[in-house]
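Examining the three-dimensional arrangement
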Amino acid sequence: VLLATSSKETELRAQILDAAAKKDWTAYTQATGEALDTYSQPKAWDLFSQFVDNCTWQVPTLVWDVASANVDNPAIADDVRMKFVPRSVAKTWDPAKLTQETGAEQLAQAKKLTAQYMQLVDLMRRAGVMMMAGTDSPDPYVFPGFSLHDELDLLVKSGLSNMQALQAATFYPALFMTKLDRYGVVETGHAADLVVLDEDPLRNIANTRKISAVVLGGRYF
């Protein structure tokens, strides 16, 4: 999407493919940065109109971008959710190691890209592009399970309403898979897979984390 909204798409796409083939990540980063700098909103509107016309769905995975852009924050390793990460995996998530591997230039660019991606999500929403919630876990500091709640929060911060964010994780995936006859809504005859919350997520999307119970396959936990 970033490349396809650049006024230099053709030229930069060739550069990025060449850099990736040569594993020249400096050139890759520079070309990606130029794609960001040459963003064209008219081109974005045209692209998103094509998405709508062709029913091309999007899964932004903003939580992955946010995590990747913040590995240089030492406090990230103190996240209380680290206790759920296997020790062997946690070793590969060491912030100092990840920061060194990524490099200061790439990290600075990742922060800019994250902000741009959130703006693009808002633009896609306004254009009527269909979206689903996804996370790409378990990459560093994208915690399985928890990350979906983080993604809903980021979708709301990007302009979706609380209801739209919830539907991106429930109704729309079922619609995309053409399985609304079994999933995506709470109705008789549908799969009894539910999360029961203590507070209303339509008031605050963070309330999806306030879980009272889970019903899985009709069993109450």
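Reference entry: report on the structure contained in this document. Because the structure is predicted, anything quoted here is derived from the model rather than measured.

What counts, and where the lines are drawn
- Residues numbered from 1 in each chain as written.
- Predicted model: local features only at pLDDT ≥ 70, side-chain atom pairs only at ≥ 80, totals over all residues.
- Heavy atoms only, no water.
- Helix = DSSP H or I, 4+ residues; strand = E, 2+ residues; numbered from the N terminus.
- Buried < 20%, exposed > 50% of the residue type's maximum accessible area, 1.4 Å probe, protein only.
- Contact = heavy atoms within 4.5 Å.
- Areas by Shrake-Rupley, 256 points an atom, 1.4 Å probe, with all protein chains shown as cover.
- Pairing = 2+ DSSP bridges.
- Arc of directions from axis to C-beta.

Scanning the protein chain from terminus to terminus reveals 10 helices and three strands. For the protein chain, the α and β elements follow one another from N to C terminus as α-α-α-α-α-α-α-α-α-α-β-β-β. Along the first, second and third principal axes, the C-alpha atoms of the protein chain reach 55 × 45 × 30 Å. The buried share of the protein chain, reckoned over its 221 residues, is 36%. Sequence-distant contacts, at least 24 apart, represent 66% of the contacts inside the protein chain between residues at least 6 apart. Surface summary for the protein chain: the accessible area is close to 12,800 Å², and the carbon and sulfur share equals 55%.

What follows concerns the sheet that holds strand β1 (residues 194-197). In space, the three strands of this open sheet follow the order β1-β2-β3, with antiparallel pairing throughout. The sheet terminates laterally at β1 and β3 (219-220), the two strands that pair on one side only. Direction of pairing for β1 relative to strand β2 (residues 211-216): antiparallel, over a ladder of four bridges. Its bridge partner being in β2, Leu194 is matched across the sheet by Val215.

Now for helix α9 (residues 162-169). Where α9 is concerned, the buried positions are Asn162, Ala165, Leu166 and Ala168. In an axial view of α9, the angular spread of the buried residues amounts to 155°, which keeps them on one side of the axis.

Right, let's get into unusual backbone geometry. With an omega dihedral of 10°, the bond running from Ser137 to Pro138 counts as a cis peptide bond. Positive phi is not limited to glycine here, since Cys55 has a value of about 55°. Counting through the fold element by element, Cys55 comes out in the loop between α3 (41-54) and α4 (62-69). With phi around 65°, Tyr141 is a residue other than glycine that occupies positive phi space.

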